[in-house]
Amino acid sequence: MSRIAYVNGQYLPFREAKVHVEDRGYQFADAVYEVCEVRDGRLIDQRRHLQRLQRSLSELRIRPPISWGALDVVLHEVVARNRIRYGIVYLQISRGVARRDHAFPPVSVEPSLVVTARPLNRTRNEALAASGIAVVTVPDNRWGRVDIKTTSLLPNVLARQAAVEQGARDAWFVDDAGAVTEASSANAWIVTASGAVVTRPADHAILRGITRMVLLDVIKAQALTFEERSFTVKEAYAAREAFITSASQIVLPVVRIDGRPIGDGRPGPLATALRREFHKFAEAS
Ligand code: PMP
């Protein structure tokens, strides 16, 4: 079956789905995006993803290209037309097409909207979660507003490539104080030797992950010991468990950091349980 993408009002075969050479997303990364998990054809946590999108747009003063109701229709239509049961839907909104000039274009310029979807391989993802992943740490050299979900992801690209070149799956960014901020496309967590679940507060230095927010509800509901605070790389090396969270990876155990085994070097029981229970809690919360 051929893939379909939505581009500025049209559902197009992938081959024909293109944006203009002077789209500001293409030229300046003057664009925001969202990624939602699709399960049984449904968008998981859609409301929170769209709330975050609204915030990203408003922080950058990009106006929504279509109404929220229309966007809801487009997202479901792209999922349906691509026959996605289990996968992800991606949406991107740029400030639009205009003659290249750094300052904002006239207000008459329409923002651009692109929506795509693709299936994920559930068997492969579950196998990855069962074995856990290795991460390496890299200096966090991103701009000061990574809480806005922009397509400006070059440091994330370079971090992930550095990880791959060292035989790891992902990279954890580390700030000037030696504290972990987040992973290249996920939030970072540890479980300390005394059993406390720790993740960094959602300030301007990390993206406020939707999976992170849902997991906070789960942690509260289960009355787990939780500390929302920064943690250092040293503390992570000594952790009992480590894991990352994102819409496409859910809860993914980390079993090695910079080549050092975490805990006994296998996925931890808490991370594994949180992954298993995630959707039940997500729906209940
Ligand atoms: N941090 C970064 C840098 C990300 O790119 C992502 C994934 N979009 C996340 C965290 C996790 O966010 P979410 O749980 O909403 O997917």
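Once a new chain begins, its residue numbering starts again from 1 and follows that chain's sequence as written. Two thresholds apply to this predicted model, a pLDDT of at least 70 for residue-level local features and 80 or more for giving and counting side-chain atom pairs, whereas whole-chain, interface and lining totals are computed over all residues. Side-chain measures here rest on the full set of heavy atoms in the structure, leaving out hydrogens and waters.

> Which parts of the structure should I look at to understand the packing of helix H2 (residues 46-60) against helix H6 (residues 210-221)?
Relative to each other, H2 and H6 sit at 130°, their axes nearing to 10 Å. By the angle between their directions, the pair H2 and H6 is classed as oblique. Judged by the sense of rotation from one axis to the other, the crossing of H2 with H6 is right-handed. For the pair H2 and H6, contact is made by Arg48, His49 and Arg52 and by Ile210, Met213, Val214 and Asp217, respectively. Under the convention adopted here, Pro, Cys and the residues Ala, Val, Leu, Ile, Met, Phe, Trp and Tyr are nonpolar, Asp, Glu, Lys and Arg are charged, and Gly plus all remaining residues are polar. Considering only residue class, the contact of H2 with H6 consists of 3 nonpolar, 1 polar and 3 charged. Every axis corresponds to a line fitted to the C-alpha atoms, with the helix fit spanning only the stretch in contact, and the corresponding angles, defined between N-to-C directions, vary from 0 to 180 degrees. By the criteria applied, helices consist of DSSP H or I runs no shorter than four residues and strands consist of E runs no shorter than two, each listed in order from the N terminus. The labels follow the angle: roughly parallel below 35 degrees, roughly antiparallel above 145, roughly perpendicular from 65 to 115, and oblique for the rest. The sense of a crossing depends on the near helix, which, turned anticlockwise from the far helix by less than a right angle, makes the crossing left-handed and, turned clockwise, makes it right-handed. We call two residues contacting when some pair of their heavy atoms lies within 4.5 Å.

> Where do I start with the environment of arginine 160 in this structure?
With respect to the helices and strands, the residue arginine 160 is situated in helix H5 (residues 154-165). Taking C-alpha positions, arginine 160 is 15 Å from threonine 181, a pair spaced 21 residues apart along the chain. When near neighbours in sequence (up to four residues on either side) are disregarded, arginine 160 contacts Arg169, Asp170, Ser184 and Ser185.

> Even after reading the chapter, I still don't get the packing of aromatic side chains, so can you show me in this structure?
Remark: the centre distance and the inter-plane angle together describe each pair of aromatic rings, the angle taken between the planes. Between the rings of Phe, Tyr and Trp (Trp by its six-membered ring), a pair exists once the centres lie within 6.5 Å; its type follows the angle of the planes, with under 30 degrees stacked, over 60 edge-to-face, and the other angles tilted. As enumerated under the stated definition, the model contains 5 aromatic pairs in all. Relative to tyrosine 11, the ring of tyrosine 6 has its centre 5.2 Å away and its plane inclined at 65°; by these criteria the two rings are edge-to-face. With a 1.4 Å probe rolled over the protein chains alone, any residue whose accessible area is under 20% of its type maximum counts as buried; one over 50% counts as exposed, and the rest are partly exposed. The class of tyrosine 6 is buried, set by a relative accessible area of 7%. You can call tyrosine 11 partly exposed: its relative accessible area is 25%. Ring-pair connections join several aromatic residues into one group, and the members of that group are Trp189, Phe226 and Phe243. Charge over a ring is defined by NZ of Lys or CZ of Arg lying within 6 Å of the ring centre and within 35 degrees of the ring normal. We note arginine 95 situated over the ring of phenylalanine 104; from NZ or CZ to the ring centre the distance is 3.5 Å. The residue whose ring lies beneath arginine 260 is tyrosine 237, and the NZ or CZ to ring-centre distance is 4.0 Å.

> How should I be thinking about the domain arrangement of the protein in this particular structure?
How far each domain reaches was decided by an automatic or database domain assignment. Segmenting the protein into domains produces domain 1 (4-120) and domain 2 (125-280). Facing 22 residues of domain 1, the contacting portion of domain 2 comprises 20 residues. Two parts placed together each lose some accessible area under a 1.4 Å probe, and the buried area is that loss summed for both. Both sides of the domain 1 and domain 2 interface together cover about 1900 Å² of buried area, and 57% of this is carbon and sulfur. Interface area lost by domain 1 to domain 2 is led by Tyr33, Arg48 and Arg52, which between them contribute 35%. By convention in these notes, a salt bridge is any Lys or Arg side-chain nitrogen within 4 Å of a carboxyl oxygen on Asp or Glu. Across the domain 1-domain 2 interface, the total number found is 3 salt bridges. Ionic pairing is found between arginine 145 and glutamate 59, a salt bridge with its closest N-O pair at 3.0 Å. Between N or O atoms, a polar contact is any pair within 3.5 Å; within protein, one atom must be a potential hydrogen donor and the other a potential acceptor, and residues adjacent in sequence are included only when both atoms are from side chains. At the boundary of domain 1 and domain 2, one finds 8 residue pairs in polar contact (both at pLDDT 80 or more). If you list the elements that add at least two residues to the side of domain 1 that touches domain 2, you get strand S3 (31-39), H2 and strand S5 (86-94).

> Is there a simple way to explain a nonpolar patch on the surface in this structure?
For patches, a residue must show more than 30% relative accessible area and have no salt bridge; joins then use 9 Å for like charges and 5 Å for nonpolar side chains, namely Val, Leu, Ile, Met, Phe, Trp and Tyr. Note on areas: Shrake-Rupley, 1.4 Å probe, and residue coverage restricted to the protein chains presented here. On the surface, Val19, Val21 and Tyr26 cluster together into a nonpolar patch covering about 330 Å² of accessible area. The topology assignment puts valine 21 in the loop between strand S2 (10-13) and helix H1 (24-28). Judged by relative accessible area, valine 21 falls into the exposed class, the value being 55%.

> Got a minute to help me understand the sheet that holds S3 in this structure?
As a general point, the strands of a sheet are linked pairwise by backbone hydrogen bonds and lie either parallel or antiparallel. Pairing within the open sheet is antiparallel, and its 6 strands lie in the order S2-S1-S6-S5-S3-S4. This sheet does not close on itself; its edge strands, each paired only once, are S2 and strand S4 (42-43). When DSSP finds at least two bridges between two strands, those strands are taken to pair. By the bridge criterion, 2 bridges tie S3 to S4 in an arrangement that is antiparallel. Residue pairing in the sheet places valine 38 in a bridge with leucine 43 of S4. H2 contacts S3, S4 and S5 of the sheet and is inclined by roughly 175° relative to S3. Lying on the sheet, helix H3 (residues 68-81) is in contact with strand S1 (4-7), S2, S3, S4, S5 and strand S6 (112-119); it crosses S6 at an angle near 35°.

> Where do I start with the packing of H2 against H3 in this structure?
The axes of two packed helices give the description: the angle between them and the distance between them. Running from N to C, H2 and H3 cross one another at 125°; their axes reach a closest spacing of 12 Å. In terms of axis orientation, H2 runs oblique to H3. With respect to the hand of their crossing, H2 and H3 are arranged in right-handed fashion. When H2 is examined against H3, the residues Gln46, Leu50, Leu53, Gln54 and Leu57 are found in contact with a partner set consisting of Trp68, Leu71, Asp72, Leu75 and His76. Of the residues belonging to the contact of H2 with H3, the class tally is 6 nonpolar, 3 polar and 1 charged.

> Where do I start with the pattern of salt bridges in this structure?
If the charged atoms of two oppositely charged side chains come close together, the side chains can form a pair. For the coordinates displayed, the defined rule picks out 20 salt bridges. Between aspartate 175 and arginine 200 there is a salt bridge, with its nearest N and O atoms 3.1 Å apart. Of this pair, aspartate 175 sits in the loop between strand S8 (170-174) and strand S9 (180-183) while arginine 200 sits in the loop between strand S11 (197-199) and H6, and the two are 25 residues apart along the sequence. Classification of arginine 200 by relative accessible area gives buried; the value is 7%. We note a salt bridge from glutamate 228 to arginine 212, for which the minimum N-O separation is 2.5 Å. Of the two residues, glutamate 228 is situated in strand S12 (residues 226-228) and arginine 212 in helix H6; the sequence distance between them amounts to 16 residues. Residue arginine 212 is classed as buried on the basis of its relative accessible area of 2%. Among the ionic contacts, a cluster of salt bridges with common partners joins Arg55, Glu59, Arg145 and Asp147.

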